[in-house]
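Each chain is listed here by its residues.
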Amino acid sequence: MSTNDNTETPDKPTESVDFIRSIVAKDVASNKHGGHVVTRFPPEPNGYLHIGHAKSICLNFGIAAENNGKCHLRFDDTDPTKEDVEYVESIQHDVKWLGFDWGDNLFHASDYFPRLYDFAVELVKKGKAYVCDLSLEHMRMMRGTVKEPGQASPNRDRSVAENLDLFARMRNGEFDEGSKTLRAKIDMAHPNMLMRDPPLYRIRKTPHYRQGDKWCIYPMYDFTHCLSDSLEDITHSICTLEFENNRAVYDWVLDTLETKARPHQYEFARLNLSHTVMSKRKLLQLVREGLVDGWDDPRMPTIAGLRRRGVTPEAIRTFCEQIGVAKANSMVDLVQLEFSIRDDLNRRVPRVMAVLRPLKVVIDNYPAGDGEDLEATNYPDDPPKMGSRKVPFSKILYIEESDFMEDPPKKFFRLAPGQEVRLRWAYLITCTHIVKDDSGKVIEVHCSYDPETRGGNAPEGRKVKGTIHWVSAQHAVDAEIRLYDRLFSVAKPDAEEDFKKAINPDSLETITAKVERSLRDAKPGERFQFERQGYFCRDSEITDRLVFNRTVALRDSWAKMVKSGTT
RNA sequence: UGGGGCGUAGCCAAGUCUGGUAAGGCACCGGUUUUUGGUACCGGCAUUCCCAGGUUCGAAUCCUGGCGCCCCAACCA
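Quick caveat: nothing in here was measured; it's all calculated off a predicted structure. (Residues numbered from 1 in each chain as written. Chains lettered and ligands numbered in written order. Predicted model: local features only at pLDDT ≥ 70, side-chain atom pairs only at ≥ 80, totals over all residues. Heavy atoms only, no water.)

1. Re the overall build of chain A
Condition: Numbering of helices and strands runs from the N terminus; a helix is a DSSP stretch of H or I covering at least four residues, while a strand is a stretch of E covering at least two. Values of the radius of gyration come from C-alpha atoms, whereas the globule rule sets the reference at 2.2 Å times the count of residues to the power 0.38. A 1.4 Å probe rolled over the protein chains alone gives each residue an accessible area, and that area as a share of the maximum for its type sets the label: buried under 20%, exposed over 50%, partly exposed in between.
Within chain A one finds 14 helices and 25 strands. For 567 residues, the compact-globule estimate of 2.2 N^0.38 gives 24 Å, and the C-alpha radius of gyration of chain A, at 31 Å, exceeds that figure by more than 25%. Projected onto the principal axes, the alpha-carbon positions of chain A cover approximately 100 × 75 × 40 Å. Across the 567 residues of chain A, 50% fall into the buried class.

Here you go:
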């Protein structure tokens, strides 16, 4: 038997990585692309980023960082009818806020328009692209169906010279919108519909938010994306599953143009989260129809919404790591996100006391007057970490309505007639009697306190099972509290006939609470744990009064017991 | 017999190429600690991998045949 310490390599299980990281690792090991790794996050600036994008951002920037590579931020801005600077600004802000840095690598597909045009001319010269006169409807008719081959365009065999001339004139604005397109010449009978001579350029007499009216023809996704990747020396072009069919076009363009850099596309399953919607169209609808308060409504799955709600970038990043990257369509339960949020906030925010639904408590044997200041620890699990504060105590207090029951079940450890409870950081009190109003509602709870228990310390041998939070009535300040809950009451709003009918009517409840004095100085965006309630964040937009947003509630095993009837 | 993908626990997800006897996380259920019914910690939770055959000493992994779900017929990305 050896007495040596653990110098042998422990038999720890190897960290499993996702299939994309495996491919990247293999490529680095085999020195493909010279051992370099360059990825990119390519949003179209036509909407706000949401947590689904965060998954892609974490993947792309993460892989680059892990391999000493780079990740470009590239705006895929080739449709002037939908894009806007408002979106490019919000996207940059959100990516930065999430904690990622693209350095000098900020690009716009629209900056490649001249080079893309040259590539298109080259394709024409190779006899691999042609100008087509078919209308949108006509082209659709001739494309065939998934089971039947398509028909060739009457213009498919135009001469190179004529195509060159026509394409140049398209660029010069000589033709009407929709009257002509430049199409790849691939195979009208190809089983992959996307390979049936896909349009590469269309005429759009719309100014571009960045290029102004320099162009009246715009390249399409299938032509732009692969070439942009190649131009930027991207090594691994990572996108979502719905682009799997596009990979054939991606490869065709790069191979027939014989570009120097040869990136490859890999697809993973996009994030679906329960109890919310993620499509830009539906999100936009919620905003436009006033069903939510804007893109940054704390109920929205947008990065802006999560931020305003009080979620940290770290929580979003660990969430994205936890859910993994694979190819199976799946739906992640919202509780998984909530876990990541709590797990992060638990370790980093100070605890304070706030009474959401106040019930008056009178300590009959406590002297009237200004009371006294008591010491409260900001972070009980590691007191030195966040220090402590003074909280004022006096004869009249507020406690949570739910912390008192006149006729409690056996396992109710809070306040009840004759029952003793600890006031957090203060004293042990015992309920002596109660006062009701005409309707029979309890409006005042009278208690006696034990002066020997200052600070909440129970004397030797005395067991107090319950500890509740409180605020001093004369010192507490009013605050508006917004209690947010899931936006939809069903797990899959997308599966509903009308997703808007599935909106949770209780997704927002606004109340006025009594919060401890120290919260007067909370800064916009500052986060706290309201003890025994949840994590809250002072609203960053409304600052003329105290408004707190509930980020997420604490786990509540008492509520669980009540619900399951085990009390 | 259009093509391209996917199917492992209530939810994510390793493992599949290179058969050796089902990682991890969330949720859930017990227990310990606790001045938050929070946190932390400990333990439990798939005799079985969509189904049916086959190969093999041995199959989630290989073979054959089914079934189910997703994507593709925008001059969107």
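2. A word on the sheet that holds strand β21 (residues 477-484)
Backbone hydrogen bonds are what pair the strands of a sheet, in a parallel or an antiparallel way. To keep things clear, this is the line we draw: The pairing criterion for strands is at least two bridges between them, as found by DSSP. When checking whether two residues touch, look at their non-hydrogen atoms; a contact exists if any pair is within 4.5 Å. Fitted lines through C-alpha atoms give the axes, limited to the stretch in contact for helices. The angle between two N-to-C directions lies from 0 to 180 degrees.
A sheet is described by the order of its strands in space; here seven strands give the open sequence β10-β23-β24-β25-β21-β22-β11, paired in mixed fashion. Two strands lie at the open edges of the sheet, namely β10 (351-352) and β11 (354-355), each paired on one side alone. Strand contacts of helix α12 (residues 334-348): β10, β23 (527-530), β24 (534-538) and β25 (547-553), with the helix running at about 115 degrees to β25, the strand carrying the most contacts.

3. Considering the nonpolar core
Here is the rule: The nonpolar core is taken to be a set of buried Ala, Val, Leu, Ile, Met, Phe, Trp, Tyr and Cys residues, with the residues joined through side-chain atoms within 4.5 Å.
Ile-51, Val-95 and Ile-316 are the most contacted members of the largest nonpolar core, which has 36 residues in total. When residues of this core are traced back to their parent elements, those giving at least two are α2 (51-66), β2 (70-75), α3 (85-97), α10 (303-309), α11 (313-323) and α12. Residues contacting Ile-316, with those up to four places away along its chain left out, are Ile-51, Ala-54, Trp-97, Leu-98, Leu-306 and Val-311. Listed in part, the 34 residues of the second largest apolar core include Ala-120, Leu-200, Cys-226 and Tyr-250.

4. As for the pattern of salt bridges
When charged atoms on two side chains of opposite charge get close, those side chains can pair. Worth spelling out the cut-off: Any Lys or Arg side-chain nitrogen located within 4 Å of an Asp or Glu carboxyl oxygen qualifies as a salt bridge.
The tally for this structure, following the rule as stated, stands at 47 salt bridges. Put simply, Asp-450 and Arg-462 hold a salt bridge, and the shortest N to O gap is 2.5 Å. Of the two residues, Asp-450 sits in the loop between β18 (442-449) and β19 (467-468) while Arg-462 sits in the loop between β18 and β19, which places them 12 residues apart along the sequence. Residue class for Asp-450 comes out buried when judged on its relative accessible area of 17%.

5. Describing the packing of helix α4 (residues 113-125) against helix α7 (residues 221-231)
Test applied: To sort the angles, those under 35 degrees are grouped as roughly parallel, those over 145 as roughly antiparallel, those from 65 to 115 as roughly perpendicular, and the leftovers as oblique. In a left-handed crossing the near helix is turned counterclockwise from the far helix by less than a right angle, and in a right-handed crossing that turn is clockwise. Residue type decides the class: Asp, Glu, Lys and Arg count as charged, Ala, Val, Leu, Ile, Met, Phe, Trp, Tyr, Cys and Pro as nonpolar, and the leftover types, Gly among them, as polar.
Axis separation between α4 and α7 bottoms out at 11 Å; the angle between their running directions is 110 degrees. In terms of their interaxial angle, α4 and α7 are classed as roughly perpendicular. Here the hand of the crossing between α4 and α7 comes out right-handed. Where α4 approaches α7, its residues Arg-115, Leu-116, Phe-119, Ala-120 and Leu-123 are matched on the opposing element by Phe-223, Thr-224, Leu-227 and Leu-231. Here the residues of the contact of α4 with α7 are counted per class, giving seven nonpolar, one polar and one charged.

6. Some points on empty space enclosed by the protein
Cut-off, in case you're wondering: Cavity means a closed set of points on a 1 Å grid over the protein atoms alone, one where a 1.4 Å probe fits but cannot get out, pocket means an open set with protein on both sides within 12 Å along at least 5 of 7 lines, and lining means a residue has an atom within 4 Å of a point. Grid points are joined across faces, edges and corners, and a volume is the space filled by probe spheres set on the points.
Enumeration over the complete set of coordinates arrives at three cavities of 30 Å³ or more. For the largest cavity, the calculated volume is near 220 Å³. If you trace the largest cavity, you find 21 residues lining it, with Arg-299, Leu-306, Arg-309, Leu-334 and Leu-337 closest to the centre. Of all the secondary-structure elements, those providing two or more residues to the lining of the largest cavity are α10, α12 and β25. By residue number, the principal contributor to the lining of the largest cavity is α12, which donates four residues. Looking at side-chain class alone, the lining of the largest cavity contains 12 nonpolar, four polar and five charged residues. Of the volumes computed, that of the second largest cavity is approximately 50 Å³.

7. Observations regarding the sheet that holds strand β5 (residues 181-184)
One open sheet accounts for four strands, arranged β4-β5-β6-β7; its pairing is antiparallel. At either margin of the open sheet sits one strand with a lone partner, and together these are β4 (129-132) and β7 (217-219). Between one strand axis and the next, the sheet turns through 20 degrees on average, direction left out of account. Note: β4 against β5, four bridges, orientation antiparallel. Of the residues in β5, the one forming a bridge with Ala-129 is Ala-184.

8. Side note on helix α6 (residues 160-171)
Rules: The span one expects for a helix is its residue count, reduced by one, times 1.5 Å.
Here α6 spans 16 Å end to end across 12 residues, near enough to the 16 Å set by a 1.5 Å rise per residue. Elements in contact with the buried residues of α6: α4, β4, β5, β6 (199-203) and β7.

9. Some thoughts on the protein's contact with RNA strand B
Formally: Definition of nearness: a residue and a molecule or strand are near each other if at least one heavy atom of the residue lies within 4 Å of the molecule or strand. We call two N or O atoms a polar contact when they sit within 3.5 Å, provided that within protein one can donate a hydrogen and the other can accept it, with sequence-adjacent residues counted only if both atoms are side-chain atoms.
Taken together, 69 residues lie near RNA strand B, and Arg-351, Asp-381, Arg-414, Arg-424 and Gly-455 sit nearest. Among the atoms of RNA strand B close to the protein, meaning within 4 Å, 65% are from sugar or phosphate groups. At a separation of 2.8 Å, a sugar or linking oxygen of RNA strand B approaches a polar side-chain atom of Arg-422. Of all elements in the fold, only α5 (136-142), β6, α11, α12 and α14 (557-564) reach the threshold of two or more residues within the surface near RNA strand B. If one sorts the elements of the surface near RNA strand B by residue count, α12 sits on top with five residues.

10. Section: the layout of surface pockets
Of the pockets and cavities examined, the second largest pocket occupies roughly 1,200 Å³. Sorting the residues of the lining of the second largest pocket by element identifies β19, β21, β25 and α14 as the ones contributing at least two each. Considered class by class, the residues forming the lining of the second largest pocket number 12 nonpolar, six polar and 16 charged.

11. Describing unusual backbone geometry
Positive phi outside glycine occurs at Glu-258, with the angle close to 50 degrees. Structurally, Glu-258 can be placed in the loop between α8 (247-257) and β9 (264-268). Phi is positive for Trp-425, close to 65 degrees, though the residue is something other than glycine. Relative to the helices and strands, Trp-425 is located in the loop between β16 (420-423) and β17 (428-436). Take Trp-425: its relative accessible area is 16%, and that puts it in the buried class.

12. A few points about the environment of Asn-365
Relative to the elements of secondary structure, Asn-365 occurs in the loop between β12 (358-363) and β13 (372-377). Excluding its chain neighbours within four sequence positions, the residues that come into contact with Asn-365 are Lys-395, Cys-447, Ser-448 and Tyr-449. Within the structure, Asn-365 has its side chain in polar contact with the backbone nitrogen of Tyr-449 (distance 2.9 Å).

13. So, the packing of α11 against α12
Relative orientation of the contacting elements α11 and α12 amounts to 135 degrees, with a least axis distance of 9 Å. When the interaxial angle is binned, α11 and α12 end up oblique. Here the hand of the crossing between α11 and α12 comes out right-handed. Taking contact as the criterion, the partners of Glu-314, Ala-315, Thr-318, Phe-319, Gln-322 and Ile-323 in α11 are, on α12, Gln-336, Leu-337, Phe-339, Ser-340, Ile-341, Asp-344 and Arg-348. When grouped by side-chain class, the residues that make up the contact of α11 with α12 number six nonpolar, four polar and three charged.

So yeah, pure geometry; function would need other evidence.
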